[in-house]
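Descriptive analysis of the structure
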Amino acid sequence: VRSRLVRFGTRNSGTTPALEPLMQAIRTNYPKADFSAIEQAYVVAERAHRGQLRKSGDPYITHPLAVTTILAELGMDTTTLVAALLHDTVEDCGVTVATLEAHFGTGVAAGVLALSKDPALPRDQAMPDSLRRIQLQPREVWLVKLADRVTNLQPPPSHWKAAKIAAYRDEATTIVEALGAASSYLEGRLRTKIAAYPPAPAPAAPAASST
Ligand code: NI
């Protein structure tokens, strides 16, 4: 499998337009990053999430890219950036921790495992359990989870009932209280978003002129 992955890796960043804003943020804030590893992680994540969509209708890969870009702007290291790109691949795509460990090392694999909810647990226990496991990881892993929820606190889908919206906001509060100590900057960003959640819906698109 390694050779198959290596084939997708390329030293020529810029061949993947979707990746370019992230690469630019890394060049600015952490120029000694292993750009080859980051591109390889992007390729694995993009393939794993291919066909999945965000609630917004965007391809799913836009989410890990957004999370990783927040962390790149904070100057995070290669292990953290790679883990951020891959953070939903175990929970959502069935990529195994062993695969991540073989290709990206134990730090990435352990971080992604902690960030993944245990599917054997009841729904209400899975998040607290994940947060406890994240707290056993280096602070950089805490930052991935904080950036994940900053990215995820978007206007809720119209079919969400008030109770579900409130539960999602409360879950975000649980996250910021468990992990906010790792970054006052991300804690502040997340608390600001929680205070404004749910945000006002985006203005409706102008009605088409033809009726
Ligand atoms: Ni996520």
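Shown above is the structure to which this text applies.
This one's a predicted model, so the numbers in the text were calculated from it and none came from an experiment.

Basis of the calculations
Residues numbered from 1 in each chain as written. Predicted model: local features only at pLDDT ≥ 70, side-chain atom pairs only at ≥ 80, totals over all residues. Heavy atoms only, no water. Helix = DSSP H or I, 4+ residues; strand = E, 2+ residues; numbered from the N terminus. Buried < 20%, exposed > 50% of the residue type's maximum accessible area, 1.4 Å probe, protein only. Contact = heavy atoms within 4.5 Å. Areas by Shrake-Rupley, 256 points an atom, 1.4 Å probe, with all protein chains shown as cover. Phe/Tyr/Trp six-rings, centres within 6.5 Å; stacked < 30°, edge-to-face > 60°. Axes fitted to C-alpha atoms, helices over the stretch in contact; angles between N-to-C directions. Parallel < 35°, antiparallel > 145°, perpendicular 65-115°, else oblique. Left-handed = near helix turned anticlockwise from the far one by under 90°. Nonpolar A, V, L, I, M, F, W, Y, C, P; charged D, E, K, R; others polar. Donors = N, O, S within 2.8 Å, 3.2 Å for Na, K, Ca; no water. Tetrahedral: all angles 85-135°; square planar, octahedral: opposite > 155°, others 65-115°. Salt bridge = Lys/Arg side-chain N within 4 Å of Asp/Glu carboxyl O. Lys, Arg positive; Asp, Glu negative; His and termini not counted. Polar contact = N/O pair within 3.5 Å; in protein donor to acceptor, adjacent residues only side chain to side chain. Arc of directions from axis to C-beta.

Comments concerning the overall build of the chain
A count of helices and strands for the chain gives 12 helices and zero strands. Reading the chain from its N terminus to its C terminus gives the helix and strand order α-α-α-α-α-α-α-α-α-α-α-α. Looking at the chain residue by residue over its 211 residues, the buried ones come to 42%. Within the chain, contacts between residues at least 6 apart in sequence are counted, and of these 63% link residues at least 24 apart. About 11,100 Å² of surface is accessible on the chain, with carbon and sulfur atoms providing 55% of the total.

Some thoughts on the packing of aromatic side chains
Aromatic ring pairs: the centre-centre distance and the angle between the two ring planes describe each pair. Scanning the model with the defined rule gives two aromatic pairs in all. A centroid spacing of 5.4 Å and a plane angle of 70 degrees characterise the contact between Trp160 and Tyr168, whose relative ring orientation is edge-to-face. Assigned by exposure class, Trp160 and Tyr168 land together as buried. Measuring from centroid to centroid gives 6.0 Å for Tyr168 and Tyr197, while their planes differ by 50 degrees, and the two rings are tilted. Placement of Tyr168 in helix 11 (residues 162-179) and of Tyr197 in the segment after helix 12 (184-195) is noted, with a sequence separation of 29 residues between them. Assessed through its relative accessible area of 14%, Tyr168 is described here as buried. Among the aromatic residues, those joined into a cluster by ring pairs are Trp160, Tyr168 and Tyr197.

Points about the packing of helix 10 (residues 139-152) against helix 12
Any two packed helices are characterised by how steeply their axes cross, that is the angle between the axes, and by the distance between the axes. Between helix 10 and helix 12, the least distance of the axes is 9 Å, while the angle of their chain directions is 25 degrees. By the angle class used here, helix 10 and helix 12 are roughly parallel. Crossing angle aside, the handedness with which helix 10 passes helix 12 is left-handed. Residues Leu143, Leu146, Ala147, Arg149 and Val150 of helix 10 lie in contact with helix 12, whose contacting residues are Leu186, Arg189, Leu190 and Lys193. Classifying every residue of the contact of helix 10 with helix 12 gives six nonpolar, no polar and three charged.

Details of the coordination of the nickel ion
All of the protein donors around the nickel ion are His63 (NE2), His87 (NE2), Asp88 (OD) and Asp148 (OD); their distances to the metal are 2.1 to 2.3 Å. Taken together, the four donor atoms surrounding the nickel ion define angles of 81 to 171 degrees at the centre, an arrangement classified as irregular. Each donor residue of the nickel ion lies on the same chain, and together they follow the pattern H-x23-H-D-x59-D.

Side note on unusual backbone geometry
Cis geometry marks the peptide bond from Tyr197 to Pro198; its omega dihedral reads 0 degrees. Take Pro198: it is sitting in the segment after helix 12.

Let's talk about the pattern of salt bridges
Within this structure, the stated rule accounts for seven salt bridges. In this structure, the salt-bridge partner of Glu20 is Arg27, at a minimum N-O distance of 2.3 Å. As a salt-bridge pair, Asp129 and Arg133 come within 3.0 Å of each other at their nearest N and O atoms. Of this pair, Asp129 and Arg133 are both found in helix 9 (residues 123-135), four residues apart, which corresponds to roughly one turn of the helix. By relative accessible area, which is 23% here, Arg133 ends up partly exposed.

Some remarks on the side chain of Glu39
Summarising the element assignment, Glu39 is placed in helix 3 (residues 35-49). One buried charge, Glu39, has no salt-bridge partner; the nearest side chain with opposite charge is Arg27, at 8.5 Å. One polar contact links Glu39 to Thr16, side chain to side chain, over a distance of 3.3 Å.

Describing helix 2 (residues 20-29)
Those residues of helix 2 lying buried are Leu22, Met23, Ala25 and Ile26. With its buried residues spanning 160 degrees around the axis, helix 2 presents them on a single face. Exposed side chains of helix 2 directed beyond 90 degrees from the buried face belong to Pro21 and Thr28. Next to the buried residues of helix 2 lie helix 3, helix 4 (62-73) and helix 5 (78-85).

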